[in-house]
Structures are given as structure tokens and as C-alpha cells.
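# Results of the structural survey
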Amino acid sequence: MVQTYDNPDMKTEAFGSTRLAADGFQLDAPAARVPGGFWRRLVAAMIDSATYSVLSFPVTFLFGFAMGVSGVLSGTDPHNTTIAALLTVGSYLISFAIAFLYYGWFYKNKGATPGKMLMRLRIARADTGTNLTYWRAFGRETLGKILSSIVLCIGFLLVVFRQDKRALHDLLFNTQVTYEPK
Amino acid sequence: MQSRQQHDTSSHHHAADAPSDLVYDGLHVQLKPTPFLTRSLALAVDYGILYIVSIAALLIAMFAIFGSLASWTYLVESRGFEGDTARSIAVLIVAFLLLGGMMVLTHGYFIYFEYKKNGQTPGKKIFGLKVVTIDGTPLSFGKCMMRETLRYVDTMLILPGLLSFLLTQKKQRLGDLLAGTMVSYSQHDSQETDYLYVKQSTYLYLQEVLHPEPVPESDMREYLTFAYQEFILGGRDERHHVRREHWEKLARQYVPESIFKNLDQLTTLLFFAEYCQQTLNRIT
């Protein structure tokens with residue numbers, strides 16, 4: 001006997017809450033996913049970077065404003081350079097913090113960033129398929145992608161040539177991007 | 001998962017998160033208003049998409065823009081204006097056309113998706129949000145227009161929209177208040193894609209009836225190394241086929257024997273994989 005079960009609120013009526021209710025429950029294997037392709041991943045990355053810049057806009061704006069104000073107030077005063085340097089370092093640190101939270105939270109909790117979700121992509125550890133931790137996500141997005149782009153973006157182009165479509169930053173941080181066809 | 005559900009039910013008693021009671025066609029429906037952060041994120045994603053699309057559109061339209069500048073200058077000159085004045089007027093005309101194009105794109109995006117796609121823009125959809133009317137009628141074109149028009153007040157001046165969001169029980173911005181709509185949030189919808197091997201509702205049900213015993217982390221990792229290759233990556237790695245019996249034994253250890261006998265074998269393997277996946281995602 002095959003029973004289908006779709007609505008979580010139906011369970012008490014349909015099955016009762018005893019252990020035996022699982023009898024005859026039969027599932028099909030999920031449709032296998034394929035490695036995420038180059039164009040799909042490019043569009044996802046573009047949406048993500050745009051979303052990231054929308055999210056970090058208030059901070060960028062504030063820091064830019066503060067730097068402008070400090071420049072106007074102190075004119076050619078040599079102390080000005082210290083303030084400007086501090087503000088620059090601060091804005092970089094905050095940008096990294098936002099990237100850490102954005103990529104970290106989405107990779108950890110959803111297995112995909114918004115751009116990836118829209119493109120039906122999912123990122124996971126290549127061995128167990130579990131979600132990435134914050135630091136793995138952060139490393140992949142910063143160090144990994146910087147290394148990938150160093151020599152003519154050859155690290156990204158690996159996606160095109162490898163059968164499992166893993167880029168250099170995927171290989172370095174042991175991740176696999178998959179696409180779920182509809 | 002258990003703790004999430006408990007949190008879900010306990011939040012019903014919390015005044016700030018109180019769901020709104022609505023009546024649809026005589027049916028009593030509870031809708032949860034969307035938390036501020038989730039709604040802002042959805043908006044950021046929508047703006048991100050619009051950002052990419054408008055840059056692409058601008059790049060493509062670049063030649064048309066410069067081409068039309070020349071013809072506009074010619075047109076204005078033919079009306080009796082002198083060189084420099086004519087060029088300035090033409091630049092103004094083109095700038096207004098560009099602005100108009102951007103406005104059509106931005107508002108068209110929100111109106112199209114909210115009116116035609118069930119109240120969900122792409123950004124809203126991935127977070128389980130949906131624009132619904134308070135009285136349960138379908139979302140009309142007029143209401144979408146009203147929400148869009150008030151967006152200027154809500155987002156550009158920030159404060160009115162934020163205040164109205166914080167003060168209303170259904171967490172409506174001014175556009176929502178005037179159009180008689182709200183943005184509802186479904187935790188179930190937003191978590192649908194968190195499940196890999198088994199559908200969410202199926203998993204929650206099976207978990208309740210099966211009560212798997214606690215599994216050591218190393219065993220969960222070992223089992224998932226098989227399950228991920230076999231079920232998600234399509235079993236391309238031949239080595240795992242050979243060792244399948246070993247993985248089954250592993251699953252058998254933690255799912256009660258009686259259940260394993262009664263259930264379809266594949267079902268048990270899939271469920272156990274999802275159980276390991278969800279548990280590992282939570283603890284690491």
C-alpha cells in the first residue's frame with residue numbers, strides 16, 4: 001500500500017500519531033542533481049554581488065560621508081590622513097563583516113545565497129553534502145575567489161573544463177555546487 | 001527540528017508576533033506578518049536583481065541612447081533653437097526618457113510579479129513571503145499600483161514607512177495600509193528548499209513517528225558520504241555501489257529494527273540521510 005502525505009496538518013486525521021503509522025510509507029528516490037554550470041553560476045554571483053552592495057550601501061554611504069566631512073573640516077591638516085586611513089580600514093573591516101554574515105548565514109542555514117536560490121543552485125561540502133560553516137563560506141568567498149581570479153580568472157574557467165564543474169575555490173575549500181533541474 | 005516547531009508554537013502566544021486572523025470565503029485563516037529583517041532582505045534581493053537588469057539594459061541601449069541624442073538635437077534645432085541650447089534641450093529630453101525607462105522597469109517589475117505571480121516577487125518567493133489582501137479578495141491591479149506609488153514615501157523618507165510598520169499589528173507599511181494589503185510569511189514555504197532527500201512535510205511526519213536514536217557525528221558523516229554521492233550526485237562514484245550493504249547496516253543501527261522491517265528500504269535510507277543532514281547542519 002502506498003500512502004502519500006503532503007500537508008503537515010493532516011497527520012492526526014490520516015495516520016494517528018502511533019509509530020505504526022509509518023507502515024506502507026513509500027518514497028521515490030529524489031531526482032539526481034547535476035553540477036552547476038558556468039553561466040548559471042555567473043548570473044547567481046552577479047545577483048549576489050548586487051544584493052550585497054544594496055545591503056552594504058548604508059555603511060558605505062556613512063563612511064564616505066564621514067571621510068568627506070573629515071576632509072572638509074581639517075583641510076590640509078596632516079592629522080587628516082590618520083583619520084582618513086582609520087576610516088578606510090574601518091570601512092574595509094565592516095565590508096568583510098557584512099560578507100562574512102551574508103555568505104556565512106546563507107551557506108550555513110540555506111545551503112545557497114539568494115542568487116543561487118533563484119538559479120536553483122545549491123552549495124554543499126563535496127564529501128558529505130552538508131552545509132558549509134561560516135568560516136569555510138567566508139574563506140571560499142574571499143581568499144578562494146581572489147586566488148581563482150589571479151591569473152586571468154583561470155580558477156573560474158576550471159568550471160568549464162572539469163566534469164564535476166568545480167572551480168579552483170571549490171577544490172580549495174572542498175565544496176560542490178549542484179543544480180536541481182525542474 | 002523539534003526545537004524549531006516548539007519555537008513556532010510558542011511564538012503564537014507572543015503579542016508582537018501574533019498572527020492576524022482573517023476570514024477568506026468563510027474560512028478562518030491565520031496569516032503571520034513578515035519580520036522586518038526578512039522583508040528588508042527580500043527587498044534587497046529584488047533591488048539587486050533590478051540593479052543587474054538595469055545595468056544590462058543600459059549597456060545594450062548605449063548605442064540607442066547616443067544615436068537618439070543626435071536625432072533629438074536635430075529635431076530641436078529644426079524648431080528654431082541655436083546649437084548649444086538645442087544640444088542642452090536634447091540632453092534633457094534623453095535624460096528624462098532614461099529616467100522614465102528606469103521607472104517603468106522598476107515599478108513594472110514589482111507590479112508584474114505581485115499582480116501576475118501570486119503576490120510574490122522573486123525576492124519575496126525565496127524567503128516565503130507573499131503580498132495578500134486583508135479582506136481575502138484577489139490582489140487587484142489598483143492595489144498593486146497603490147503599493148507602488150506609496151513606495152516613494154515609504155522608502156525615500158524611510159521614517160513614515162518604518163513607523164507604520166512598527167505600529168501596525170499586521171506590520172504594514174503605508175502602501176500596505178492604504179491598499180488594504182499585508183506581506184505574509186510562511187516558515188514552511190521558506191524552509192522547503194532546506195530538505196535534500198525527502199520533502200519537508202514527509203520528513204517532519206516520519207521524524208515524529210520514527211524517533212531515531214541519537215547518532216554519533218562520525219557515523220552521520222560516514223553515512224552521508226554515501227547518501228550524497230548516491231542520491232544527490234546520481235551515484236557517479238562507482239565505489240559506493242559496492243559498499244551499499246555497509247551503509248544500510250549503518251542506518252539499521254539507529255532506526256528501530258521493527259520500523260526498518262515495516263518500511264520500504266529506500267524510504268528508510270532516504271529518511272535517515274535527511275535526518276543526518278538536518279542534524280549535522282544544526283550542530284556544526
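Just so it is clear, the structure is predicted and the values come from calculations on it, not from any experiment.

## Let's talk about the overall build of chain A
Scanning chain A for helices and strands turns up seven helices and three strands. Reading the secondary structure of chain A in the N-to-C direction produces α-β-α-α-α-β-α-α-α-β. Counting only residues that meet the buried cut, chain A has 31% of its 182 residues in that class. Looking at chain A alone, contacts between residues at least 24 apart form 63% of all its contacts between residues at least 6 apart.

## Notes on the overall build of chain B
Helix and strand counts for chain B stand at 14 helices and four strands. Across the 284 residues that make up chain B, the buried fraction comes to 32%. A sequence separation of at least 24 residues applies to 64% of the contacts in chain B between residues at least 6 apart.

## Quick look at the confidence of the model for chain A
Residues at a pLDDT of 70 or more form 83% of chain A, whose mean pLDDT is 82. In the model, residues 1–21 of chain A has pLDDT below 50 throughout and makes 21 contacts with residues more than four positions away in sequence or in other chains.

## Digging into the domain arrangement of chain B
As far as domains go, chain B holds domain 1 (29–190) and domain 2 (195–283). Measuring from the centre of the C-alpha atoms in domain 1 of chain B to the corresponding centre in domain 2 of chain B gives 45 Å.

## Some thoughts on the interface of chain A and chain B
Tallying the contact residues gives 34 residues for chain A and 40 residues for chain B. Looking at the side of chain A that touches chain B, the elements with two or more residues in it are helix 2 (38–74) and helix 4 (114–118) of chain A. Looking at the side of chain A that touches chain B element by element, the count peaks at six residues for helix 2 of chain A. Its residues placed into classes, the side of chain A that touches chain B shows 17 nonpolar, ten polar and seven charged.

## Considerations on unusual backbone geometry
All names here are of chain A. Even without glycine at this site, K165 takes up a positive phi of about 50°. By secondary structure assignment, the location of K165 is in the loop between helix 6 (154–161) and helix 7 (168–172). Even without glycine at this site, N174 takes up a positive phi of about 55°. Since 15 C-beta atoms lie within 10 Å of it, N174 is described here as partly exposed.

## Looking at the pairing of strand 2 (residues 121–125) of chain A
Residues and elements named next belong to chain A. Buried residues dominate strand 2, accounting for five of its five residues. Note that strand 2 and strand 3 (residues 175–179) share five bridges and pair antiparallel. Within strand 3, the position partnered with I123 by the bridge is V177.

## Examining the environment of L270(B)
Looking at where L270(B) falls in the secondary structure, it is placed in helix 14 (residues 265–283). On a C-alpha basis, the gap between L270(B) and Y203(B) in space is 9.6 Å, while along the polypeptide they are 67 residues apart. Setting aside residues up to four positions removed in sequence, L270(B) forms contacts with L27(A), A29(A), Y197(B), V198(B) and F231(B).

So, how was this worked out
Residues numbered from 1 in each chain as written. Chains lettered and ligands numbered in written order. Predicted model: local features only at pLDDT ≥ 70, side-chain atom pairs only at ≥ 80, totals over all residues. Helix = DSSP H or I, 4+ residues; strand = E, 2+ residues; numbered from the N terminus. Buried ≥ 20, exposed ≤ 12 C-beta atoms within 10 Å, placed from the backbone. Contact = placed C-beta atoms within 7 Å. pLDDT = per-residue confidence, 0-100. Domains from an automatic or database assignment. Nonpolar A, V, L, I, M, F, W, Y, C, P; charged D, E, K, R; others polar. Pairing = 2+ DSSP bridges.

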